[in-house]
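An overview of the molecular structure
For reference, the chains in residue letters:
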Amino acid sequence: MAENITNLRISMVTSGDPRFPAENMLDGTTKTFWASTGLFPQEFIVSLPAYYVIKKVSIWSMKVAGWTVSRSTGDAPFDFDEIYREDIEDAGDQSLQVTSFSISSSDSKREYSAKNVKFTIRKGHSDFTAVHRVAITGEIDASRESERKNKKERDLAADEDELSVGRAVRVH
Amino acid sequence: MSTLSLQTSKNVLRCKCIVLGNQGVGKTSLVQVFQSDGAQFPKNYNMTINSEVCVKVVNIPDTNASIEMFLHDIAGHECEGASAFVIVYDVTNPESFASMGRWLQIAKRCRVGKQIHGVLVANKADLDLRRSISRQQGEEFAKANKLAQNVDVDAPFYYLSNMFHEHFEAAVKSFSKAEH
Ligand SMILES: Nc1nc2c(ncn2[C@@H]2O[C@H](COP(=O)(O)OP(=O)(O)O)[C@@H](O)[C@H]2O)c(=O)[nH]1
Ligand SMILES: [Mg+2]
């Protein structure tokens, strides 16, 4: 079942004024915002709390002239592939631009789960742009998640083995 | 993993500024003088990206803001995405003054959005005896084209930094007033 993913986290952002932190994009409201502080492109990476098959992405912004969104299906935030690229019209000085898209059926990796999504503002309608909110819906990848948990348990168990060996050596 | 750029309480704004004008009017000298006047800033912060782009940091007094001015000393190309410009002419060279209109056109083509701030610089004013473009001619051109005019060597860049900062403050004000 697709759900609105909560506990999103910003793991990278290319600029920012401490008064308008990037986390403002993830607080669930359009009342707060992150502002870019000059030059393009500008980027930020949103990390998901678990592996999700992404279904839909929504962005509320101002003065953005071009979005590129990409996701990384690996464990680390590298090797991103593009899932959306569009030029965006200006909505004026008072209104938010609302950009929403579903993963294309022609996307060869649409069944893959991802943990990191990168947002690139390629250009602006002004020197400065703002993003008020980002929302991502997806389906949790249960098999990859349990695999990850199992691996974690195996690693812990291996650590314990090593510890007991260590103790045994010390006793003798 | 990349770290957040929000670790400091500094607000760093970045401004691409193009320096335009005929060959020999003194663009490179102007940028160099501005860049090496580092009394307020650590020298090593003024890096040269390549021979035509350098960065200079300007602190805005009484705020936590500083502007990284990316100065492009170029012949008019690669000016896409510029937020500010400086047009230079040589007061001893009428041809360089006659070219102002053309440089202004180029500057306007390169701007991001509607806002772009420009300064006109009348250079080589020290060569008084060979002066052929009067101060008044310069002032009239600046006024007619809504440019600020400066005769001091590094004032244009400080002026543009301040304008950029004001522009940012106006932008975030409008971002916070957006309709939901
Ligand atoms: N007298 C005088 N000479 C200058 C001034 N600025 C630059 N020059 C000289 O003008 C020449 C061309 O300067 P440069 O900065 O290379 O010009 P650019 O081609 O526009 O980059 C050099 O010989 C400089 O030393 C100035 O303010 N006064
Ligand atoms: Mg030069």
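Everything quoted here is computed from the prediction, not taken from an experiment. Chains are numbered independently. Their residues run from 1 in the order of the written sequence. Each chain takes a letter, starting from A, and each ligand takes a number, starting from 1, following the order in which they are written. Confidence filtering applies because this is a predicted model: local features only for residues at pLDDT of at least 70, side-chain atom pairs given and counted only at 80 or more, and all residues used for totals across whole chains, interfaces and linings. Processing note: side-chain calculations cover all non-hydrogen atoms of the structure and skip hydrogens and water entirely.

1. Concerning the domain arrangement of chain A
It is common to give the size of an interface as the accessible area that goes away when the parts come together. All names here are of chain A. Domain delimitation follows an automatic or database domain assignment. Partitioning chain A into domains gives domain 1 (3–140) and domain 2 (142–172). The gap between the C-alpha centroids of domain 1 and domain 2 is 37 Å. Between domain 1 and domain 2, the contact holds nine residues from the first and four residues from the second. By convention, the term buried area covers the 1.4 Å-probe accessible surface removed from two parts as they join, with the contributions of both added. Regarding the contact of domain 1 and domain 2, the summed buried area is about 490 Å², with carbon and sulfur atoms giving 44% of it. Salt bridge, as used here, is a side-chain nitrogen of Lys or Arg placed within 4 Å of a carboxyl oxygen of Asp or Glu. The interface formed by domain 1 and domain 2 holds one salt bridge in total. Among the ionic pairs, Arg-144 bridges to Asp-75, the shortest N-O distance being 3.6 Å. In protein, a polar contact means a hydrogen-donor-capable atom and an acceptor-capable atom, both N or O and within 3.5 Å, with residues adjacent in sequence counting only if both atoms are side-chain atoms; elsewhere, any N or O pair within 3.5 Å suffices. Our count for the contact surface shared by domain 1 and domain 2 stands at four residue pairs in polar contact (both at pLDDT 80 or more). Broken down by element, the residue count for the side of domain 1 that touches domain 2 peaks at three residues, all from strand 4 (residues 42–62). Any two residues having at least one pair of non-hydrogen atoms within 4.5 Å are treated as being in contact. Elements are defined by DSSP. Helices are runs of H or I of four residues or more, strands are runs of E of two residues or more, and each kind is numbered from the N terminus.

2. Section: the nonpolar core
As used here, the term nonpolar core means buried Ala, Val, Leu, Ile, Met, Phe, Trp, Tyr and Cys residues forming a set that is joined through side-chain atoms within 4.5 Å. Burial status follows relative accessibility: with a 1.4 Å probe on protein chains alone, a residue under 20% of its type maximum counts as buried, one over 50% as exposed, and anything between as partly exposed. Among the nonpolar cores identified, the biggest contains 39 residues, and Cys17(B), Met69(B), Leu71(B), Val86(B), Phe157(B) and Phe175(B) are the most heavily contacted of them. Looking at this core, the element that brings in the most residues is helix 5 (residues 155–176) of chain B, giving eight residues. For Phe175(B), the contacting residues outside a window of four places in its chain are Phe33(A), Ala35(A), Met62(A), Lys63(A), Phe128(A), Thr129(A), Ala130(A) and His132(A). Core analysis: the next-biggest nonpolar cluster, separate from the first, contains 30 residues, Phe44(A), Ile54(A), Ile59(A) and Ile88(A) among them.

3. Describing the site of ligand 1
Residue and element names in this part refer to chain B. Note on terminology: near, applied to a residue and a molecule or strand, indicates that one of the residue's heavy atoms is within 4 Å of it. Taken together, the residues surrounding ligand 1 are Asn-22, Gln-23, Gly-24, Val-25, Gly-26, Lys-27, Thr-28, Ser-29, Asn-123, Lys-124, Asp-126 and Leu-127. At 2.8 Å, a backbone N or O of Gly-24 approaches an oxygen atom of ligand 1. Within the backbone of Lys-27, a nitrogen or oxygen atom sits 2.8 Å from an oxygen atom of ligand 1. Accessible surface area values rest on a Shrake-Rupley calculation with a 1.4 Å probe, where residue burial reflects the displayed protein chains alone. Protein coverage of the free-state accessible area of ligand 1, which is 580 Å², stands at 62%. Taken together, the residues of the shell around ligand 1 break down into two nonpolar, seven polar and three charged. Under the scheme applied, nonpolar residues are Ala, Val, Leu, Ile, Met, Phe, Trp, Tyr, Cys and Pro; charged residues are Asp, Glu, Lys and Arg; polar residues are all the others, including Gly.

4. Quick word on the interface of chain A and chain B
At the junction of the two partners, chain A supplies 39 residues and chain B supplies 33 residues. Carbon and sulfur atoms supply 61% of the area that chain A and chain B bury against each other, a total of about 2,700 Å² over both sides. The largest share of the area that chain A buries against chain B comes from Leu39(A), Asp127(A) and Phe128(A), three residues that together contribute 23% of it. Where chain A touches chain B, the interface holds one salt bridge. Joining chain A to chain B, the criterion identifies eight residue pairs in polar contact (both at pLDDT 80 or more). A per-element tally of the side of chain A that touches chain B places strand 2 (residues 9–13) of chain A first, with four residues. Broken down by class, the residue content of the side of chain A that touches chain B amounts to 16 nonpolar, 16 polar and seven charged.

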